[in-house]
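# Residue-level structural notes
Spelled out, the chains give:
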Amino acid sequence: MVYYNKRKYLSALFFLLKHLIPQPNLLQFSVCRSPLGMSRGQILDEDISASSQWSDSTAAKYGRLDCEEGDGAWCPEIAGEPENINEFLQIDLRSLHFITLVGTQGRHAGGIGNEFAQTYKIKYSRDGSRWISWRNRQGKEVIEANRNAYDIVLKDLEPPIIARFIRFMPVIDHSMNVCMRVELYGCEWLDGLVSYNSPVGQQMTLNGQYIYLNDSVYDGAMKGLGQLTDGMCGLDDFTHSHVYNVWPGYDYVGWTNESFSNGYVEIMFEFDRTRNFTTMKVHCNNMFSRRVKTFQKVVCYFRSESDWEATPISFSPVMDDVNPSARFVTVSLYNHMASAIKCQYYFSDIWMMFSEITFQSGDDPTHKVDDSNTRILIGCLVAIIFILVAIIVIILWRQVWQKMLEKSPLAWFGNCQSFPRPQRIPVSSRCGVWNIYAISYIHIHVYFVYFSAASTNTSSKSPPVSVQEGVPHYAEADIVNLQGVTGGNTYAVPALTMDLLSGKDVAVEEFPRKLLTFKEKLGEGQFGEVHLCEAEGIQDFMDEDFSFDVIENQTVLVAVKMLRTDANKNARNDFLKEIKIMSRLKDPNIIRLLAVCMSSDPLCMITEYMENGDLNQFLSRHEPEGMIALLSNAPTVSYSNLHHMATQIASGMKYLSSLNFVHRDLATRNCLVGKNFTIKIADFGMSRNLYSGDYYRIQGRAVLPIRWMSWESILLGKFTTSSDVWAFGVTLWEMLTFCKEQPYSQLSDEQVIENTGEFFRDQRRQIYLPQPPMCPDPVYKLMLSCWHRNTKERPSFQEIHHTLLDCKP
Ligand SMILES: *[C@@H]1O[C@H](CO)[C@@H](O)[C@H](O)[C@H]1NC(C)=O
Ligand SMILES: *[C@@H]1O[C@H](CO)[C@@H](O)[C@H](O)[C@H]1NC(C)=O
Ligand SMILES: *[C@@H]1O[C@H](CO)[C@@H](O)[C@H](O)[C@H]1NC(C)=O
């Protein structure tokens, strides 16, 4: 007998992926990836041009990613022989930008269009006259693109481009018509460097192996940018590289003193305009055992207007013969005004190798940073100030928007030009310093579309704002925010997360659809439905490590999540990815994917059914044992059962943390209750309607469970197992209050964020959740330890689990 099957029951499980702790070279990609404004309209129509257009309704200005205006895309008029065709869509960004990612899409036009570019090339220019063909690090020009007219395909640019003008050039072979919609992602290029010119990098022979120290991505003949500005710092050992499949020495440009009789290497740098320079940072190798060292002296000359200043500056860094790691050497430029700088770097040993050179000038937000510690500190402060400003802006916008939203939910999605400008991230020096900007939720790599659902629930807690449905869960918000302007959820996983997903194949069995018997609809969403079904003989499909507590040959109740047959490709891909992730999680306290039906439509995933619904609702309708329960005759849960449930959550989280999965949204609403107080952790895309009050909307597109989030997740966007530990503390608090109130219910969302700032400042002004009346002291102590400011001092899930077992009532 199933009592609570009327309750909304959700089976969507989005376990959020392993927190990506990218290598230094990847960090920039998590930061400098804002859409530059094709889809949102910051790039004006007049700045978008093309070699030709097929008709007025397919003009260049319609080549905006995710917009459906005109006839739905830019389409060139193609004439002549393929080899002579050089059609392009050109975007003028008005100033130099650092471009790390591009997105393309075909012409869909609501199902009428079916044109797209299978491959394309990119050309770029800094001055509008010299055009450079982009090549990847392996030298390939052609970029693989779309396979259909609607999906957005994102491509990381490795190396990134520094340019003002970009041309997308579809490769045309007359086998089909080509139309394109595009977006660029990156940030403004604040260095202002437009070219450098250095002596050609040389070749070293090391134990019979050649180490090539040339500037392999230099994009000019005498004037260009290349490895010294590609945002990638070399490793300590110059024979290795971050980049896959390249020759040894790839990351560095290096020279030997034998070819430089005057003892120095001279590099000339030219800038976009006269700037007030504070510092230059040179990332140098210092592997002294191989006779590679940082420069012993640098002499820099400055040119403002047209003349070189007579007096150069000179600087001699302290030589380091102890620590062989590569490092930034910071050279003060003493506020010299210049539009060009020429520096002579003196050898201190046989070899000198650089991987990056960056310049900081007065109008640049992170200038005047001297040693690396202050650099990090100041970087943090800048990041925090930025975030606080962003939060203020968000709060202000939010009020305006809520009004807007309430008025016209659809207007929200209708117009792709009406979005506000995205926040830019300050970017000044690109490598090494990046991690301090690992800013926020907006940068989470994984971008999940939730299986959004309208509730069929008749619960009294109805969602306050109906558009909640279109708002992605915070974990879906990437800096590459592709939230569909049409209200459809578009979806993107940037390339670097793909291998995470494709690492192991789905190890889950196909279940014959005919053995499923429909019992009841549990929920419904935009892309599918969740049914309660009987599954005959599903035991035979399970691995032996999973046991149902059912009698042999009896039918088992399961939750079946089905994708609508007319769901778009994106929803389909998401569905498949969700299956992949879920199929890897096997733990008694994690909701289990039992089987799938993939051989025909509709695609289904079959998960365990937990008859008591989610823990939040379960506890809200129960009372602690005691007088009130006695008087009101309400069902009760004993403290020992509560303790048992908390221990199971800790155990499930212990499993997740052992896989380095970061859940990001642990809360009672995401735990399910089965028979005998068994608990399984899940993450319900669909519960967001019911629990919309628990999430804080960020600029109308991402929602964050701020009351469960650690200070560093809110302020720095860092999601780790330690931030899951914080959320566990809050979850424990919810349980001990029987979910009768929201955490910090007396504080508004804005005050919660302020309180987060107090946690960060740690001046004892932060407010902790109070000790619930029935909470024993050791358990409250455990909670407090989960909210330790210092992540390292928070207990691990292993320790939490242990502690809970120890203080078992
Ligand atoms: C750098 O050296 C490698 C290895 O010899 C070579 O393949 C590559 O073409 C060179 N690049 C440039 C720009 O000279
Ligand atoms: C350069 O910047 C510094 C510090 O901001 C300032 O004191 C100095 O006057 C500036 N120099 C010029 C020539 O503007
Ligand atoms: C290169 O540097 C080494 C070590 O400092 C020195 O012994 C050697 O004489 C230098 N070679 C030339 C050509 O200057």
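Residues numbered from 1 in each chain as written. Chains lettered and ligands numbered in written order. Predicted model: local features only at pLDDT ≥ 70, side-chain atom pairs only at ≥ 80, totals over all residues. Heavy atoms only, no water.

### Some details on the site of ligand 2
Around ligand 2, the neighbouring residues are Asn-276, Asn-335 and Met-337. Contacts to ligand 2 include Asn-276, whose side-chain N or O atom sits 2.2 Å from an oxygen atom. Within the side chain of Asn-335, an N or O atom sits 3.2 Å from an oxygen atom of ligand 2. Considered on its own, ligand 2 offers 360 Å² of accessible surface; in the complex 38% of this is hidden by protein. (Near = heavy atom within 4 Å. Polar contact = N/O pair within 3.5 Å; in protein donor to acceptor, adjacent residues only side chain to side chain. Areas by Shrake-Rupley, 256 points an atom, 1.4 Å probe, with all protein chains shown as cover.)

### With respect to the site of ligand 1
In the region of ligand 1, the neighbouring residues are Tyr-212, Asn-214, Asp-215 and Trp-247. Alone, ligand 1 offers 360 Å² of accessible surface; in the complex the protein occludes 47% of this. Partitioning the shell around ligand 1 into residue classes produces 2 nonpolar, 1 polar and 1 charged. (Nonpolar A, V, L, I, M, F, W, Y, C, P; charged D, E, K, R; others polar.)

### Topic: the state of the cysteines
Note: disulfide means a covalent bond formed between the sulfur atoms of two cysteine side chains. Across all of its chains, the model carries 3 disulfides by this definition. Between Cys-32 and Cys-187 runs a disulfide, and the two sulfur atoms are separated by 2.0 Å. The sign of the S-S torsion, about -105°, decides the handedness of the disulfide formed by Cys-32 and Cys-187: left-handed. One end of the pair, Cys-32, is in the loop between α1 (24–31) and β1 (34–35); the other, Cys-187, is in strand β8 (residues 181–188), with 155 residues separating them in the sequence. Of the two residues, Cys-32 and Cys-187, neither departs from the other in class, the shared state being buried. Here Cys-300 connects covalently by a disulfide to Cys-343, the sulfurs 2.1 Å from one another. Between Cys-300 and Cys-343, the S-S torsion sits near 110°, and that sign places the bridge as right-handed. In this pair, Cys-300 is assigned in strand β14 (residues 297–304) and Cys-343 in strand β17 (residues 327–346), connecting sequence segments 43 residues apart. Considered together, Cys-300 and Cys-343 belong to a single accessibility category, that of buried residues. For Cys-739, which is in no disulfide, the shortest distance to another cysteine sulfur is to Cys-671 and amounts to 9.6 Å. Of all cysteine sulfurs, the one in Cys-807 lies closest to Cys-775, which takes part in no disulfide; the gap is 9.1 Å. (Disulfide = S-S within 2.5 Å. Helix = DSSP H or I, 4+ residues; strand = E, 2+ residues; numbered from the N terminus. Buried < 20%, exposed > 50% of the residue type's maximum accessible area, 1.4 Å probe, protein only.)

### As for the packing of aromatic side chains
Summed over all chains, the structure comprises 21 aromatic pairs. With centroids separated by 6.2 Å and ring planes inclined at 55°, the aromatic side chains of Trp-131 and Phe-165 adopt a geometry described as tilted. Taken together, the positions of Trp-131 in the loop between β4 (119–125) and β5 (132–133) and Phe-165 in strand β7 (residues 153–170) put the pair 34 residues apart, joining distant regions of the chain. The exposure class of Phe-165 is buried, given its relative accessible area of 10%. (Phe/Tyr/Trp six-rings, centres within 6.5 Å; stacked < 30°, edge-to-face > 60°.)

### Section: helix α8 (residues 639–658)
The first and last C-alpha atoms of α8 sit 28 Å apart over 20 residues, in line with the 28 Å expected at 1.5 Å per residue. In terms of residue burial, α8 counts as a mostly covered element, since 14 of its 20 residues are buried. Phi for Asn-660, located one or two positions after α8, is positive at around 65°. (Expected span 1.5 Å × (residues − 1).)

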